[in-house]
Amino acid sequence: MTSEAEARAAPPHRYPGGDPGADPRYPYLQALNEEQRRAVLAVDGPVLVLAGAGTGKTRVLTTRLAHVLHTGRAGPGQVLAVTFTNKAAREMKDRVAGLLHRPVEGWWLGTFHALAARMLRRHAELVGLQPNFTIIDTDDRLRLLKQLLAAEDIDDKKWPARAIGFAIERWKDRGLLPDKVSAGEAGDLAGGRILEIFQAYQERLARLNACDFGDLLLHCLTIFQSHPEILEDYHRQFRYLLVDEYQDTNVSQYLWLRLLAQGHRNICCVGDDDQSIYGWRGAEVGNILRFDQDFPGAEVVRLERNYRSTGRILAAASGLIAHNEGRLGKTLWTEGEEGERLRVRGFWDSPGEARYVGDEIESLHRKGESLNGMAILVRTGAQTQEFESRFVDIGLPYRVIGGPRFYERMEIRDALAYLRVVNQPDDDLAFERIANKPRRGLGDSSLRLLRETARAQDISMMQAAKLLLGTDELRPQARRSLVALVESFDRWRDQAEHGNHVELAEIVLDESGYTAMWQEDKSIEAPGRLENLKELVGAMSEFESLGGFLEHVSLVMEAIQGEGDEMVTVMTLHAAKGLEFDTVFLAGWEDGLFPNQRALDETGLRGLEEERRLAYVGLTRAKQRAIVTFAANRRIAGNWTSVIPSRFIDELPDELVEKESDPGLYGAHGGIGGFGDGFAAWGETRLSPGMARARAREGQAERFIEVSATRVDSLPAGGFSTGERVFHQKFGYGTIAQVEGDRLSIDFDKAGDKKVMANFVVPADQAG
DNA sequence: AGTCCACCGTTTTTT
DNA sequence: ACGGTGGACT
């Protein structure tokens, strides 16, 4: 610790008797184990807490915060605590309040984006924004980019605005603005003009007095770098930094943290490299792997004692994740029960899988297990449908997490757009969204005129509207409508200053004709949309002002989820991070689906390792039992496709797994061509070359990993090679398109593209 | 301006 | 298979 930091810190505390856990002044420490206590008490200097799944991470984080506050080392306003989701922030806030037996007010706890926005509002003018700048979301971004692409005459068929948006977002994740992106990296995106588009996009945002999510961080970085005195103020203010889910930080978040931590270096990052599953959206596992280089002398605390899962679940998860390279390495252990072996079950097709899961849930439920304690975790959102339809059939209550969120619904965005224009008349994106919603005769041509006038005069569309109303350029009908609309907004703005914002929302939705539009709409969704609008208005009452509400909405894009009733949960593996269930069904473990082919195609071995971490996250959600399922046939993008079991199944240590076979199903295959290679492949897996090699090396972890890592894409599969003609019992003749270990992608003459195990095909000339 | 048809894409998700 | 979108037609 530096002497400076020492001087700033509160008087040093001594822990009598060498056992602070027993110190009556710190009752909250007693609930911790030794490593957790170390993580809590190492308050000064950089600390990395490597918190394995289920090791009490949140408890450590919250206790640490409580400890800093309780010992008077810092007041609430002097701690910066960063999370990724609002949910995590809320939980932390509640739990610290619980530990201290009082609510904590006035602290800086929130998501990266919320905290950055809070800072940016203070210094907005330094980056050319006004303090009331708008935060645009992906939908606004898409509209804006479409306009820009059209203006630049770029074919948005070939270069979809969505893809351009992603590219820009990824650059911003890495802290890059258009001037920092190399031409090579820009590639031929947008016909080689992506950087022009990026630049134009930034200029448009500035002119709109708006920024996107990435900009919240980037603008902060700009300010910190150009105004050291502001950064120093924050150094003085924030004595302690606390970061959750550090493995998910991207470069710009990392830079932001590093700048803020520079002064006193009292930064504590908590995370788990094995649970890094957001690489595809810019997260850099490297941040956590590099921590002790970024912060020399960092204390590293490993939390390895798991309080969640049975011994066998832990061992299976550990065995699986051991196949990854470049880990910091942890060994989770438990004093809990050994538990059941994992079940792995295969089915003919995905409906069969769903049937089994449904039956199994009912059977567990009859034995007294709570439905709330059960979850089905899937790789892709599309998989939930199969389970939903089965659960509806058998009347099993369920909830699906994910899907379109409340604030993403069309009617909510429309309503918000009205409110945004009231709040900020120059918010062009919002204005354009609702100018002709409901239809009021302000069609494309009128809007184009407005847009062009605005651009030519360098004013907002609202201002352009007022300008155009003084001319004859608009057709009479459009003119009348526009007069009415502009007058309405003036009136509403006036009311916004006087009346309360909840009433205002009602007035706006009513007088604009927006509510009426849905009332007249005869579609089946209309009543639901009206319901949502009511809910929106209701939600506003919890905020002090319209501005406050809008800020909340743009940063907290989540709906209020109803818990409560007995229901099983269906969700993606990503959505399951941080949760736990007694029973976890891990469905759809098939190569191509999981690990996901696209992840493999795009990022190769890195992608595979991230998929494996996803499997690890899934397994470690289970407290009592984990059931892995796969199907031999699944509909992918509409077509029934024959698929083979996930390679991750082979990677589960054999002695921990109970490969239950349903006699009816397995007995039926017996080499009769019609039953499908999935089952055959499953039955034969133990004989496959890859497995045999793996088996031979059981207990020799290092060599095992080495072999399995290479086997993925380089070992020849029984001598087959790309381009070779082969014959398959069920699919007939075909040409090998790709060889991945003992798995072959074959382009069959009749059956199309399939993946099959190598030992189910023979060279074409040996057929018959 | 509104409706209909053809075509395309289809992993994960926060803010 | 399906839903969303964009273009063309009425």
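Residues numbered from 1 in each chain as written. Chains lettered and ligands numbered in written order. Predicted model: local features only at pLDDT ≥ 70, side-chain atom pairs only at ≥ 80, totals over all residues. Heavy atoms only, no water.

Asker: I'm lost on the overall build of chain A in this one. Help?
Answerer: When helices and strands are counted, chain A shows 34 helices and 21 strands. Of all 768 residues assigned to chain A, the portion counted as buried reaches 53%. Total accessible area computed for chain A in this model is approximately 33,300 Å², and 50% of it derives from carbon and sulfur atoms. (Helix = DSSP H or I, 4+ residues; strand = E, 2+ residues; numbered from the N terminus. Buried < 20%, exposed > 50% of the residue type's maximum accessible area, 1.4 Å probe, protein only. Areas by Shrake-Rupley, 256 points an atom, 1.4 Å probe, with all protein chains shown as cover.)

Asker: Explain the protein's contact with DNA strand B to me, please; I cannot follow it from the model alone.
Answerer: Close to DNA strand B lie 22 residues, the nearest being Arg 379, Gly 381, Arg 439, Thr 572 and Arg 598. Sugar and phosphate atoms represent 59% of those atoms of DNA strand B found within 4 Å of the protein. Within the side chain of Trp 280, one N or O atom sits 3.3 Å away from a base oxygen of DNA strand B. Between DNA strand B and Glu 602, the relevant distance is 3.0 Å, taken from a base oxygen to a side-chain nitrogen or oxygen of the residue. Grouping the amino acids of the surface near DNA strand B by side-chain chemistry returns 5 nonpolar, 11 polar and 6 charged. (Near = heavy atom within 4 Å. Polar contact = N/O pair within 3.5 Å; in protein donor to acceptor, adjacent residues only side chain to side chain. Nonpolar A, V, L, I, M, F, W, Y, C, P; charged D, E, K, R; others polar.)

Asker: Any chance you could explain the packing of aromatic side chains here in plain terms?
Answerer: Any two aromatic rings considered together are summarised by their centre-to-centre distance and by the angle between their planes. Taken as a whole and assessed by the stated rule, the structure comprises 23 aromatic pairs. Centroid distance Tyr 26 to Tyr 28: 6.2 Å. Interplanar angle 50°. Geometry classified as tilted. For the pair Tyr 26 and Tyr 28, a shared accessibility class is recorded, and that class is buried. Centroid distance Phe 347 to Tyr 356: 5.0 Å. Interplanar angle 35°. Geometry classified as tilted. Look at Tyr 356 and you get buried, because its relative accessible area is 9%. Through successive ring pairs, a cluster of aromatic residues spans Tyr 418, Phe 489, Trp 492, Tyr 514 and Trp 518. One Lys or Arg, Arg 118, reaches over the ring of Trp 108 and ends 3.7 Å from the middle of that ring. The positively charged end of Arg 121 is found above the aromatic ring belonging to Phe 133, 4.0 Å away from the centroid. (Phe/Tyr/Trp six-rings, centres within 6.5 Å; stacked < 30°, edge-to-face > 60°. Lys NZ or Arg CZ within 6 Å of the ring centre and 35° of its normal.)

Asker: Could you clarify how one ought to interpret the environment of Val 301 in this entry?
Answerer: With respect to the helices and strands, Val 301 occurs in strand 8 (residues 299–303). The exposure class assigned to Val 301 is buried, which follows from its relative accessible area of 0%. In this structure the C-alpha to C-alpha distance between Val 301 and Arg 38, which are 263 residues apart in sequence, comes to 7.3 Å.

Asker: Looking at this structure, I do not really get the pairing of strand 14 (residues 622–636). What am I missing?
Answerer: The two faces of a sheet get side chains in turn, since along a regular strand they alternate between them. The element strand 14 is extensively covered by neighbouring structure, given that 11 of its 15 residues are classed as buried. Relative to strand 14, strand 9 (residues 342–349) is paired through 6 bridges, and the arrangement is parallel. Looking across to strand 14, one finds that Arg 343 is bridged to Ile 627. With 5 bridges joining them, strand 13 (residues 581–586) and strand 14 adopt parallel strand pairing. What sits directly across from Val 584, in strand 14, is Ala 626. Bridging between strand 14 and strand 15 (residues 639–642) involves 4 bridges; their strand directions are antiparallel. In the strand pairing of strand 15, Arg 635 is matched with Trp 640. Linking two consecutive strands that pair antiparallel, namely strand 14 and strand 15, is a turn of 2 residues; a positive phi of about 50° is found at Ala 637 within it. (Pairing = 2+ DSSP bridges.)

Asker: Is there a simple way to explain helix 6 (residues 138–151) in this structure?
Answerer: One turn of an α-helix holds 3.6 residues; hence residues three or four places apart share an orientation. Here helix 6 contains 14 residues, and its C-alpha end-to-end distance of 20 Å stays within 8% of the 20 Å for a straight helix at 1.5 Å per residue. The set of residues buried in helix 6 consists of Asp 140, Arg 141, Leu 142, Leu 144, Leu 145, Leu 148 and Leu 149. Its buried side turned inward, helix 6 meets helix 7 (161–173), helix 10 (194–207), helix 19 (410–423) and helix 20 (428–434). Regarding helix 6, its N-cap is Asp 137, as a side-chain oxygen of that residue lies 3.0 Å from the backbone nitrogen of Asp 139 further along. Phi turns positive one or two residues past the end of helix 6, at Asp 153, with a value near 60°. (Expected span 1.5 Å × (residues − 1). Contact = heavy atoms within 4.5 Å.)

Asker: Can you help me understand the nonpolar core in this one?
Answerer: The nonpolar side chains of a soluble globular protein tend to be buried, and buried together. Residues Leu 450 and Phe 489 are the most contacted members of the largest nonpolar core, which totals 47 residues. It is helix 19 that contributes the most residues to this core, 8 residues altogether. Ignoring any residue separated from it by four or fewer positions in sequence, one finds Phe 489 in contact with Tyr 418, Val 421, Val 422, Ile 434 and Met 462. In terms of nonpolar packing, the next biggest core, distinct from the first, is built from 46 residues, Trp 108, Phe 112, Val 127 and Ile 288 among them. (Core = buried A, V, L, I, M, F, W, Y, C linked by side-chain atoms within 4.5 Å.)

Asker: Got a minute to help me understand the sheet that holds strand 6 (residues 240–243) in this structure?
Answerer: Whether parallel or antiparallel, the strands of a sheet pair through hydrogen bonds between backbone atoms. Taken in spatial order, the 6 strands of this open sheet run 3-2-6-7-1-8, and their pairing is parallel. Edge positions in the sheet fall to strand 3 (108–111) and strand 8, since each has one partner strand and no second. Each strand axis lies, on average, 15° off the axis of its neighbour in the sheet, ignoring direction. The pairing of strand 1 (residues 47–51) with strand 8 spans 5 bridges and is classified as parallel. Paired with Val 47 across the strands is Glu 299, a residue of strand 8. Sheet strands in contact with helix 4 (residues 86–100) are strand 2 (79–83) and strand 3, and its direction is about 150° off that of strand 3. (Axes fitted to C-alpha atoms, helices over the stretch in contact; angles between N-to-C directions.)

Asker: Whenever I open this one, the side chain of His 219 confuses me. Can you help?
Answerer: Here His 219 shows up in helix 11 (residues 213–226). The buried category is assigned to His 219, whose relative accessible area is 16%.

Asker: Mind showing me how you'd approach helix 13 (residues 251–261) here?
Answerer: Within helix 13, 8 of the 11 residues are buried, leaving the element largely enclosed by the surrounding structure. Those residues of helix 13 that fall on the buried side of the exposure criterion are Ser 252, Gln 253, Tyr 254, Trp 256, Leu 257, Leu 259, Leu 260 and Ala 261. The opening residue of helix 13 is Asn 250, an N-cap whose side-chain oxygen sits 3.1 Å from the backbone nitrogen of Ser 252.

Asker: In this structure, what is going on with the pattern of salt bridges? I would like to understand it.
Answerer: A side chain of one charge can pair with a side chain of the opposite charge when the charged atoms of the two come close. Counted under the stated rule, the structure contains 51 salt bridges. Between Lys 577 and Glu 245 there is a salt bridge, with the nearest N and O atoms lying 3.5 Å from each other. In this pair, Lys 577 sits in the loop between helix 28 (573–576) and strand 13 while Glu 245 sits in the loop between strand 6 and helix 13, placing the two residues 332 residues apart along the sequence. Neither Lys 577 nor Glu 245 differs from the other in exposure class; each is buried. Through salt bridges that share partners, Asp 137, Asp 139, Arg 143, Arg 413, Asp 414, Arg 433 and Lys 437 make up one connected network. (Salt bridge = Lys/Arg side-chain N within 4 Å of Asp/Glu carboxyl O.)

Asker: Before we go on, may I ask you to explain the environment of Gln 495 in this structure?
Answerer: When you line up the elements, Gln 495 lands in helix 23 (residues 476–498). On the basis of relative accessibility, which here comes to 28%, the residue Gln 495 falls in the partly exposed class.

Asker: Explanation requested: the packing of helix 19 against helix 24 (residues 501–511) in the structure shown.
Answerer: How two helices sit against one another is set out by the angle between their axes and by the gap between those axes. At a closest axis distance of 10 Å, the pairing of helix 19 and helix 24 adopts a crossing angle of 110°. It follows from the interaxial angle that helix 19 and helix 24 lie roughly perpendicular. When the axes of helix 19 and helix 24 are compared, the crossing they make is right-handed. Taking contact as the criterion, the partners of Ala 415, Tyr 418, Leu 419 and Val 422 in helix 19 are, on helix 24, Leu 504, Ala 505, Val 508 and Leu 509. A per-class count over the contact of helix 19 with helix 24 returns 8 nonpolar, no polar and no charged. (Parallel < 35°, antiparallel > 145°, perpendicular 65-115°, else oblique. Left-handed = near helix turned anticlockwise from the far one by under 90°.)

Asker: I tried to follow the packing of helix 3 (residues 57–70) against helix 4 on my own but got confused; where do I start?
Answerer: The interhelical angle for the contact between helix 3 and helix 4, taken along N-to-C directions, is 55°, at an axis separation of 9 Å. What the angle tells us is that helix 3 and helix 4 run oblique. Classified by chirality, the crossing of helix 4 by helix 3 is right-handed. Mapping the contact onto sequence places Thr 58, Arg 59, Leu 61, Thr 62, Thr 63, Leu 65, Ala 66, Leu 69 and His 70 in helix 3 and Glu 91, Met 92, Arg 95, Val 96, Leu 99 and Leu 100 in helix 4. When the residues that make up the contact of helix 3 with helix 4 are grouped by side-chain class, the tally is 8 nonpolar, 4 polar and 3 charged.

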